[in-house]
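Chain residues, written in single-letter form:
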Amino acid sequence: MFKTFDKDRYFIERKYHNSDKKFNPYERMKYHGVGYDEKSGLDDEEILNGLHKLYPQIKNLPHPIAKAKAIKYVLENERLYINCHDYFVGMYSLNRLTDEVIFNKWNDGVYHNKKIPELVKLGNDFNSSGAVDIWPDYDHVVPDWESLMRLGFKGIKERAKHYKEQRRQSGTLTEEQQAYFEGIEIEYSAIIDVIDRMYELALTKKHAKADKIAACLQHLRDGAPTNIYEAMQLIYIYFIISESIDHYQVRSLGNGLDNTLYCFYKHDLENGIYTRADIKEYIAYFLMRWSAIGNYWGQPLYLGGSKIDGSTKINDLSYDIIEVYDEL
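The present account deals with the structure reproduced in this document. (Residues numbered from 1 in each chain as written. Predicted model: local features only at pLDDT ≥ 70, side-chain atom pairs only at ≥ 80, totals over all residues. Heavy atoms only, no water.)

What follows covers helix 8 (residues 210-222). When the terminal C-alpha atoms of helix 8 are compared, their 18 Å separation across 13 residues agrees well with the 18 Å that a helix rising 1.5 Å per residue should span. The set of residues buried in helix 8 consists of A210, I213, A214, C216, L217, L220 and R221. Considered in projection along helix 8, the buried side chains sweep an arc of 165° and stay on one side of the axis. Among the structural elements, helix 6 (145-170), helix 7 (175-203) and helix 9 (228-244) are those in contact with the buried residues of helix 8. (Helix = DSSP H or I, 4+ residues; strand = E, 2+ residues; numbered from the N terminus. Expected span 1.5 Å × (residues − 1). Buried < 20%, exposed > 50% of the residue type's maximum accessible area, 1.4 Å probe, protein only. Arc of directions from axis to C-beta. Contact = heavy atoms within 4.5 Å.)

Okay, here's the thing in structure tokens:
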């Protein structure tokens, strides 16, 4: 069915871990796959050493700023993946390394040191009853895909700057809001910078996919996605950074995937940018990585749904995604 995917599938299945060896899905982020450029960044231990050196500089900062600076450091030093077997990029260090200097320390401070006694008591009561096993959990998010597709990473950053300035001029900007907006600006600047690093690396590659990857990254660095491939690449980049660096599991891929991508799908077909077969090929590369990552709970996504008037959101892309999924 696919022109290039079938010969690349073997390598995509090994992008995150060696699928021929024993694998523990509960520790899926600790593994490393093949195809990363060793000269493009540091390994896990080197990044962790750098984070420990950074910690004295961020430990007393407001949490949004401290977290953003830790994420910025990881993104600046991530080992990158621009590979001849994949249309999608990659980052080598996925084991939430920033937790070492932010989340773990904050969790210890709030929960284990019993600074919120009613939270500790509630958790202990539930757990000792045998009904559930619970703990403080800030680890799930459904992104605002509509804004990300319309604005891109750069547009989200500019929107945050606009709202901060709006509050500053009205005299309503609090210190907490100032830190919140500053954190957004630092992190989204870092995302744009790592996309630029990927773009520069793609320019050095000579394989058949390199030019398409470079053009895609250039558009995502500078603004919103312009076609369905770029839109899927944005979803994937957001997912990897959010889930594996920022410590937020991304619990949807679009609102649903077919509806979020449909405007790009329609535009690309109508303007001859891609054929339907081309798009199915990209979908195959896109879907395969969620299997390859090895999440023990799978990866939530949905298709279809209803519009406010009760009519269906199911479209031609819905069927194309299902057909590709079935083929895989």
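Going through the model one piece at a time under the given rule, you end up with one cavity of 30 Å³ or more. Quantified by volume, the largest cavity comes out at close to 90 Å³. What lines the largest cavity is simply Y16, R28, M29, L94, F239, I240, E243, S244, I293 and N295. Ranked by the residues each element gives to the lining of the largest cavity, the list is headed by helix 9, at four residues. Classifying every residue of the lining of the largest cavity by side-chain character gives six nonpolar, two polar and two charged. (1 Å grid on protein atoms, 1.4 Å probe; cavity = no way out; pocket = protein on both sides within 12 Å on 5 of 7 lines; lining within 4 Å. Points joined across faces, edges and corners; volume = space filled by probe spheres on them. Nonpolar A, V, L, I, M, F, W, Y, C, P; charged D, E, K, R; others polar.)

Moving on, we get to the side chain of E243. Mapped onto the fold, E243 is located in helix 9. A polar atom in the side chain of E243 sits 3.1 Å from the backbone nitrogen of V250. Contact partners of E243, with chain neighbours within four places excluded, come to R28, M29, R96, Y248, Q249, V250, N295 and W297. (Polar contact = N/O pair within 3.5 Å; in protein donor to acceptor, adjacent residues only side chain to side chain.)

Quick look at the environment of C216 now. Within the secondary structure, C216 is located in helix 8. When the C-alpha atoms of C216 and E230 are compared, they prove to be 5.5 Å apart, with 14 residues separating the residues in sequence.

Viewed as axis vectors pointing N to C, helix 10 (residues 257-270) and helix 12 (residues 316-327) meet at an angle of 115°, and their least axial separation amounts to 9 Å. For the element pair helix 10 / helix 12, the angle class is roughly perpendicular. Both helix 10 and helix 12 take part in a crossing whose hand is right-handed. Together, L257, D258, L261, Y262 and Y265 of helix 10 and D316, L317, S318, D320 and I321 of helix 12 make up the contact between the two elements. Counted by class, the contact of helix 10 with helix 12 contains six nonpolar, one polar and three charged residues. (Axes fitted to C-alpha atoms, helices over the stretch in contact; angles between N-to-C directions. Parallel < 35°, antiparallel > 145°, perpendicular 65-115°, else oblique. Left-handed = near helix turned anticlockwise from the far one by under 90°.)

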